[in-house]
Amino acid sequence: MKIAVFAGDGIGPEVTHEAVRVLQALDLPGLELAEADVGGVAYKRHGHPLPPETLAVARASDAILFGAVGDPDCDNLERHLRPEQAILGLRKELGLFANLRPAKVFGGLEDFSALRPEVAGAIDLLIVRELNGDVYFGEKGIRTLPDGRRQGWDMMSYAEDEVRRIAHVAFRAAMTRGNRLCSVDKANVLETSQVWRDVMIEVAREYPAVELTHMYVDNAAMQLVRSPGQFDVVVTGNLFGDILSDQASMCVGSIGLLASASLGEGTFGLYEPIHGSAPDIAGKGLANPMATILSAAMLLRHSLGLEAEAARIEAAVAKALADGIRGGDLGGSHGTAAIGDAVLERL
Ligand code: NAD
Ligand code: IPM
Ligand code: MN
């Protein structure tokens, strides 16, 4: 079992370190970890945010544990050299088109939520975000119009096969949960979304047990804070899924709690917290590593088939929270290492 560990920038190394300690504590026979540089740190050391050596380590592994990329020093580089291209490149190069972002309130911890506890208590949803298409990967540019004005442009598109494969992932996920799937789009304005919606309806015929509904993304943003308990599985495009999942994190309590799995056709996957490199708190030992620890649990479940070990990690995190272990993101005073220690003790 080979796990590639790509810690990246900012708080990435800090939170990844704690997740690696948790993995190592499980004493899994045959587990090998291989580290490599990604993001701003890779650009600074090797001249590219996703060096060929890093991609080779990724390809030789069964799964990737990823921290975060993004460095304010790099924000003015040419786009293809920016740290964020590392994660976009890994998702695309490795065919990781399905991003699972579960959001569930930890029992008894409804007060964490930015919402009223009785509203938050019902949250148990899964966002299935398409990860290889949309405006993220279309042609883009900055051009000068004949009258001299600068114009930025980005091509948004979804081909039907791209929608179909994420639809199947979402329908199958719904069948393991509450059999309800809400497809979020902007079909009232965008042709991209019209194709998205049409294909969702076509694929639904193969899943008669699942109830498919549709919601415009503006309404979905509103409903997510009005009554998040109405959602079971949400399937949406790359851009809308990016935005709605950050919003969902505050409905649960903090962006420091939400994990994710990025999957392709097989068991190979990339696992990362949904948050970024948090330059504002980097290097201070303040970041909450729970989202990364929970991502490691998803890695064990989805790529290595170790359900019992995954559940053990999740229970240890839930117990730590229930026992009052809180990072600054949850109004507490526990630092990154203290949270890691607390999870390890409960493991
Ligand atoms: P961010 O998620 O890094 O941070 C947003 C806010 O949440 C900040 O105040 C930060 O301190 C806080 N926060 C995030 N994670 C936390 C944690 N684990 N514990 C405590 N607080 C936490 O988003 P941003 O500030 O918009 O982006 C910063 C950089 O990260 C940018 O370069 C961006 O492109 C990048 N980014 C990368 C990824 C990724 O690698 N997958 C994801 C999102 C953003
Ligand atoms: C995420 C991030 C990335 C995205 C960025 C860093 C490219 O925000 O993983 O949610 O937009 O997908
Ligand atoms: Mn994001």
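Residues numbered from 1 in each chain as written. Chains lettered and ligands numbered in written order. Predicted model: local features only at pLDDT ≥ 70, side-chain atom pairs only at ≥ 80, totals over all residues. Heavy atoms only, no water.

**A look at the domain arrangement of the protein chain**
Note the following rule: For the domain bounds, the source is a domain assignment made automatically or taken from a database. We call two residues in contact when some of their heavy atoms are within 4.5 Å. When two components associate, each loses some accessible surface as probed by a 1.4 Å sphere; the sum of these losses over both components is called the buried area. Whenever a carboxyl oxygen of Asp or Glu lies within 4 Å of a side-chain nitrogen of Lys or Arg, that contact is scored as a salt bridge. Polar contact criterion, stated in full: a pair of N or O atoms within 3.5 Å, where within protein one must be able to donate a hydrogen and the other to accept it, and residues adjacent in sequence count only if both atoms are side-chain atoms. Here a helix means four or more residues in a row that DSSP labels H or I, a strand means two or more in a row labelled E, and each is numbered from the N terminus.
Once the domains are mapped, the protein chain shows domain 1 (1-104 + 257-347) and domain 2 (110-253). Of note, the centres of domain 1 and domain 2, computed from C-alpha atoms alone, are 23 Å apart. Across the boundary between the two partners, domain 1 contributes 22 residues, which contact 24 residues of domain 2. Roughly 2,100 Å² is buried in total at the junction of domain 1 and domain 2, and carbon and sulfur atoms are behind 66% of that figure. Here domain 1 is connected to domain 2 by 1 salt bridge. Ionic pairing is found between Asp124 and Lys104, a salt bridge with its closest N-O pair at 4.0 Å. Linking domain 1 with domain 2 are 8 residue pairs in polar contact (both at pLDDT 80 or more). Of all elements in the fold, only α4 (84-93) and β4 (98-104) reach the threshold of two or more residues within the side of domain 1 that touches domain 2.

**Looking at helix α8 (residues 217-226)**
What counts is decided by this rule: A simple rule labels every residue: compare its accessible area, found with a 1.4 Å probe on the protein chains alone, to the largest value its type can have, and call it buried under 20%, exposed over 50%, or partly exposed in between. In this context, the arc is that of the directions from the helix axis out to the C-beta atoms.
Every buried residue belonging to α8 is among Val217, Ala220, Gln223 and Leu224, and all of these are buried. The arc enclosing the buried residues of α8, seen along the axis, measures out at 110°, which places them on a common side. Buried residues along α8 sit against β5 (124-130), β8 (180-185), β9 (211-216) and α9 (238-252).

**Comments concerning the packing of helix α11 (residues 307-322) against helix α12 (residues 336-346)**
Relative orientation and spacing of two packed helices are given, respectively, by the angle between their axes and the distance between those axes. Definition in use: Under this scheme, a helix contributes an axis fitted over its contacting stretch, all axes are lines through C-alpha atoms, and angles between N-to-C directions fall in the 0 to 180 degree range. Two helices cross in a left-handed way if the nearer one is turned anticlockwise from the farther one by less than a right angle. They cross in a right-handed way if the turn is clockwise. Each residue is assigned to one class: nonpolar for Ala, Val, Leu, Ile, Met, Phe, Trp, Tyr, Cys and Pro, charged for Asp, Glu, Lys and Arg, and polar for all the others, Gly among them.
Contact pair α11 / α12: the axes reach a minimum separation of 8 Å and the direction vectors enclose 120°. You can see that α11 and α12 cross each other, and the crossing is right-handed. Listed contacts from α12 to Ala316, Val317, Lys319 and Ala320 of α11 are Ala342, Val343 and Arg346. Each residue belonging to the contact of α11 with α12 can be placed in one class, and the counts come to 5 nonpolar, no polar and 2 charged.

**Some remarks on the site of ligand 2**
What counts here: What makes a residue near a molecule or strand is one non-hydrogen atom of that residue sitting within 4 Å of it. Lining residues are those with an atom within 4 Å of a point, where the points come from a 1 Å grid over the protein atoms alone and group into cavities, where a 1.4 Å probe fits but cannot get out, or pockets, open sets with protein on both sides within 12 Å along at least five of seven lines. Pocket occupancy is defined atom-wise: a molecule lies in a cavity or pocket when more than half of its atoms are within 2 Å of its grid points.
Surveying the vicinity of ligand 2 reveals the residues Glu84, Leu88, Arg91, Arg101, Arg129, Tyr136, Asp242 and Ile274. Within the contact set of ligand 2, an oxygen atom lies 2.5 Å away from a side-chain nitrogen or oxygen of Tyr136. One of the side-chain nitrogen or oxygen atoms of Asp242 is found 2.9 Å away from an oxygen atom of ligand 2. More than half of the atoms of ligand 2 fall within 2 Å of the grid points belonging to the second largest pocket. Here the element with the most residues in the shell around ligand 2 is α4; it accounts for 3 residues. Looking at the shell around ligand 2 residue by residue, the class counts come to 3 nonpolar, no polar and 5 charged. Looking at which domains feed residues into the shell around ligand 2, each of domain 1 (1-104 + 257-347) and domain 2 (110-253) supplies at least three.

**Structural notes on the site of ligand 1**
Note the cut-off: Areas reported here follow the Shrake-Rupley algorithm with a probe of radius 1.4 Å; residue values treat only the protein chains shown as occluding.
Taken together, 21 residues sit near ligand 1, with Glu84, Glu272, Gly276, Ala278 and Asp280 positioned nearest. Note that an oxygen atom of ligand 1 is positioned 2.9 Å from one of the backbone N or O atoms of Val69. The backbone of Ser277 places a nitrogen or oxygen atom 3.1 Å from an oxygen atom of ligand 1. Relative to its unbound accessible surface of 810 Å², ligand 1 loses 69% to contact with the protein. Split by residue class, the shell around ligand 1 holds 10 nonpolar, 6 polar and 5 charged.

**Overview of the pairing of strand β12 (residues 269-273)**
Selection rule: Pairing between strands is defined by DSSP: at least two bridges between the two strands are required.
By the criterion of burial, β12 is predominantly enclosed, with 5 of the 5 residues buried. Across the two faces of β12 the burial is the same, with Gly269, Tyr271 and Pro273 and Leu270 and Glu272 all buried. Note: strand β3 (residues 63-68) against β12, 3 bridges, orientation parallel. Bridging from a neighbouring strand, Ile64 pairs with Leu270 of β12. Sheet analysis places strand β11 (residues 259-263) next to β12, joined by 5 bridges and oriented antiparallel. For Ser260, the partnering residue across the bridge sits in β12 and is Glu272. From the end of β11 to the start of β12, which pair antiparallel, there are 5 residues.

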